[in-house]
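# Per-entry structural report
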Amino acid sequence: MTASPFLEFIAREHPAFVHVPLGLVATLPLAMLASFRSRSPERWTRTAFFMALVGLASSAVAIFSGLMWGRQIALIPGGGFFPVVASGKQVLQRILQLHEMAALGGFLLGCLCVFLLWRAWHKDNQAALGGSPHRRHEGRRLWERGVGAPALAVGLMWLGAWGFCGKLGGIMVFGNEETNKAAAEAVEAKRLDAEAEVPVRALDYASLEPAEAVPFLSKAHGNRWGRIWVTASAIDAYKAGKPLESGAYAVMSTYEDHGGKPSEDVGPLYFLEIAADRKPKLAFYWPRVPEAQRAEVGGKDFVYWRSPDPHLASCLVCHAQGIAQSK
Ligand code: HEC
């Protein structure tokens, strides 16, 4: 994704932006408490109202920048608002979900708080139409004075929600035991995954059984010439058109078409494996994409996609049930 330098700045500075609303909301209860004193309660009510208003407005910038940042580092999917948590191991995604909930919860509490403060200020103005400004609050009970006890309670809850949100933000930036462990596990899983960088089994297709003697023109795979190679134990089932057992896999090696004949130009490798749950797992490997064909793969000069990569969704139109034989 290419973003404008301005958006890039907004996104990267999220950890800085958040301190403006946080600072205001952290000091807001002090202004609110001051309004309960009998001296100049209106002034403190007004101060609290503006502090809350600026805090709420600046939090909109912080929330927007957080969303942009999450999308830039691909924790939040492109057009989405929340991270997708596919497994319990995705600690960062789980924390980010909570972080977003706390931010939004705080924002709603903030709206309510601003409304209550505005009402308290309004009430003062009404009262000001009669009586001396210093005496107006004296007849009221303590919790009805100044901003009023409900506004103070909502303000404290607002601070609580954002305090929690900020704590989670700190964990995501600096890490804690759980995130560090998850990161170490991810590195270890990658080390154990022999096909993380290249599809070793697909590249070794010549060790498998060929399903046909000569290449055929495959319209379904970019009009390339292909040969299909299947694991030895599954080749009979494949030729008989039966579904393959879990663990079996097939590779289609390809050559580009030159004037109706297969050429020496090697095309991508197509891979299909029947997983333990009998669902197909796919891969697409094109180690050197010629310049003229890069538009087919979003401008890339190297492509290695594996399930569940969204680029392979188009394969599933034909391969949702596993192998497809219609040549
Ligand atoms: C339009 C339907 C269609 C699409 C899209 C498609 N395939 Fe196929 N695929 C087929 C058919 C039909 C065959 C049988 C050989 C042939 O006719 O090309 C096949 C064969 C294969 C084979 C050999 C094993 C078998 O099923 O016979 C592999 C591996 C394979 N495709 C992988 C892929 C991958 C990976 C993608 C996505 C990048 C993909 N295919 C997209 C229809 C499709």
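The preceding data block contains the structure.
Attention now goes to the pairing of strand E4 (residues 249-258). Where burial is concerned, most of E4 is hidden: seven out of the 10 residues are buried. By the bridge criterion, six bridges tie strand E3 (residues 224-230) to E4 in an arrangement that is antiparallel. Following the sheet pairing, Arg-227 is matched in E4 by Ser-253. Across three bridges, E4 lies against strand E5 (residues 261-266) in antiparallel orientation. Pairing of His-258 across the sheet is with Lys-261, part of E5. What sits between the antiparallel neighbours E4 and E5 is a turn of two residues, in which Gly-259 has the positive phi angle 55 degrees.

The next subject is a nonpolar patch on the surface. Together, Phe-81, Phe-82, Met-101 and Leu-104 make up a nonpolar patch on the protein surface, roughly 390 Å² of accessible area in all. Residue placement: Phe-81 occurs in the loop between helix H4 (41-72) and helix H5 (91-128). Phe-81 sits in the exposed class, given a relative accessible area of 51%.

Scanning the model with the defined rule gives nine salt bridges in all. Put simply, Glu-178 and Arg-94 hold a salt bridge, and the shortest N to O gap is 3.2 Å. In this pair, Glu-178 is assigned in helix H7 (residues 177-192) and Arg-94 in helix H5, connecting sequence segments 84 residues apart. A salt bridge links Arg-278 to Glu-245, with the nearest nitrogen and oxygen atoms 3.3 Å apart. Linking Arg-278 in the loop between strand E6 (269-274) and strand E7 (280-286) with Glu-245 in the loop between helix H9 (235-239) and E4, this pair joins segments that are 33 residues apart in sequence.

Let's shift gears to the site of the ligand. Near the ligand you find 20 residues, and of these His-221, Tyr-238, Cys-315, Cys-318 and His-319 are the closest. At 2.8 Å from a nitrogen atom of the ligand is found a side-chain nitrogen or oxygen belonging to His-221. Take His-319: an N or O atom from its side chain is 2.8 Å from a nitrogen atom of the ligand. Every element with two or more residues in the shell around the ligand is listed here: strand E2 (216-218), E6, E7 and helix H10 (313-319). With four residues, the single largest contributor to the shell around the ligand is H10. A per-class count over the shell around the ligand returns 14 nonpolar, five polar and one charged.

The next thing to look at is the coordination of the iron atom of the ligand. Under ideal tetrahedral coordination, the four donors around a metal are separated by 109.5 degrees; under ideal octahedral coordination, the six donors are separated by 90 or 180 degrees. Coordination sphere of the iron atom of the ligand, protein contribution only: His-221 (NE2) and His-319 (NE2), at 2.0 Å. Taken together, the six donor atoms surrounding the iron atom of the ligand define angles of 86 to 178 degrees at the centre, an arrangement classified as octahedral. Of this pair, His-221 sits in the loop between E2 and E3 while His-319 sits in helix H10; the two residues are 98 residues apart in sequence, bridging distant segments of the chain.

Right, let's get into the nonpolar core. Core analysis: the biggest nonpolar cluster contains 23 residues, and Ile-228, Val-230, Tyr-238, Leu-244, Phe-284, Val-297 and Val-303 have the highest contact counts within it. Only E3, H9, E4, E6, E7 and strand E8 (303-306) provide two or more residues apiece to this core. Grouped together as the second largest cluster of nonpolar side chains are 22 residues, Val-25, Leu-28, Met-32 and Ala-151 included.

Quick look at a positive patch on the surface now. Among the surface-exposed residues, Arg-37, Arg-39, Arg-43 and Arg-46 lie close enough to one another that they form a single positively charged patch. With respect to the helices, strands and loops of the structure, Arg-46 is situated in helix H4. Residue classification places Arg-46 among the partly exposed residues on the basis of a relative accessible area of 35%.

We now examine the packing of helix H3 (residues 19-34) against helix H6 (residues 149-174). The packing of two helices is summarised by the inter-axis angle and the distance between the axes. In contact at an axis separation of 10 Å, H3 and H6 are set at 155 degrees when each is read in the N-to-C sense. Taken as axis vectors, H3 and H6 run roughly antiparallel relative to one another. Crossing handedness for the pair H3 and H6: left-handed. Contact residues: Pro-21, Leu-22, Val-25, Ala-26, Leu-28, Pro-29, Met-32 and Leu-33 in H3; Ala-151, Leu-152, Gly-155, Leu-156, Trp-158, Leu-159 and Trp-162 in H6. For the contact of H3 with H6, the class distribution of residues is 14 nonpolar, one polar and no charged.

The next point concerns H4. Taking 1.5 Å as the rise per residue, H4 with 32 residues should run 46 Å; its terminal C-alpha atoms sit 46 Å apart, in good agreement. Once H4 finishes, Ala-74 follows within two positions and takes phi at roughly 60 degrees, a positive value.

A separate point is the state of the cysteines. Summed over the entire model, instances satisfying the criterion amount to zero disulfides. In this structure Cys-165 is a free cysteine whose sulfur lies 15 Å from that of Cys-111, the closest cysteine sulfur available.

Let us look at the environment of Gly-155. When you line up the elements, Gly-155 lands in helix H6. Note: C-alpha distance between Gly-155 and Val-25 (130 residues apart in sequence) is 7.6 Å. When near neighbours in sequence (up to four residues on either side) are disregarded, Gly-155 contacts Met-32 and Cys-113.

The rules behind these values
- Residues numbered from 1 in each chain as written.
- Predicted model: local features only at pLDDT ≥ 70, side-chain atom pairs only at ≥ 80, totals over all residues.
- Heavy atoms only, no water.
- Buried < 20%, exposed > 50% of the residue type's maximum accessible area, 1.4 Å probe, protein only.
- Helix = DSSP H or I, 4+ residues; strand = E, 2+ residues; numbered from the N terminus.
- Pairing = 2+ DSSP bridges.
- Patch = residues over 30% accessible without salt bridge, like charges linked within 9 Å, V, L, I, M, F, W, Y side chains within 5 Å.
- Areas by Shrake-Rupley, 256 points an atom, 1.4 Å probe, with all protein chains shown as cover.
- Salt bridge = Lys/Arg side-chain N within 4 Å of Asp/Glu carboxyl O.
- Near = heavy atom within 4 Å.
- Polar contact = N/O pair within 3.5 Å; in protein donor to acceptor, adjacent residues only side chain to side chain.
- Nonpolar A, V, L, I, M, F, W, Y, C, P; charged D, E, K, R; others polar.
- Donors = N, O, S within 2.8 Å, 3.2 Å for Na, K, Ca; no water.
- Tetrahedral: all angles 85-135°; square planar, octahedral: opposite > 155°, others 65-115°.
- Core = buried A, V, L, I, M, F, W, Y, C linked by side-chain atoms within 4.5 Å.
- Lys, Arg positive; Asp, Glu negative; His and termini not counted.
- Charge placed at Lys NZ, Arg CZ, Asp CG, Glu CD.
- Axes fitted to C-alpha atoms, helices over the stretch in contact; angles between N-to-C directions.
- Parallel < 35°, antiparallel > 145°, perpendicular 65-115°, else oblique.
- Left-handed = near helix turned anticlockwise from the far one by under 90°.
- Contact = heavy atoms within 4.5 Å.
- Expected span 1.5 Å × (residues − 1).
- Disulfide = S-S within 2.5 Å.

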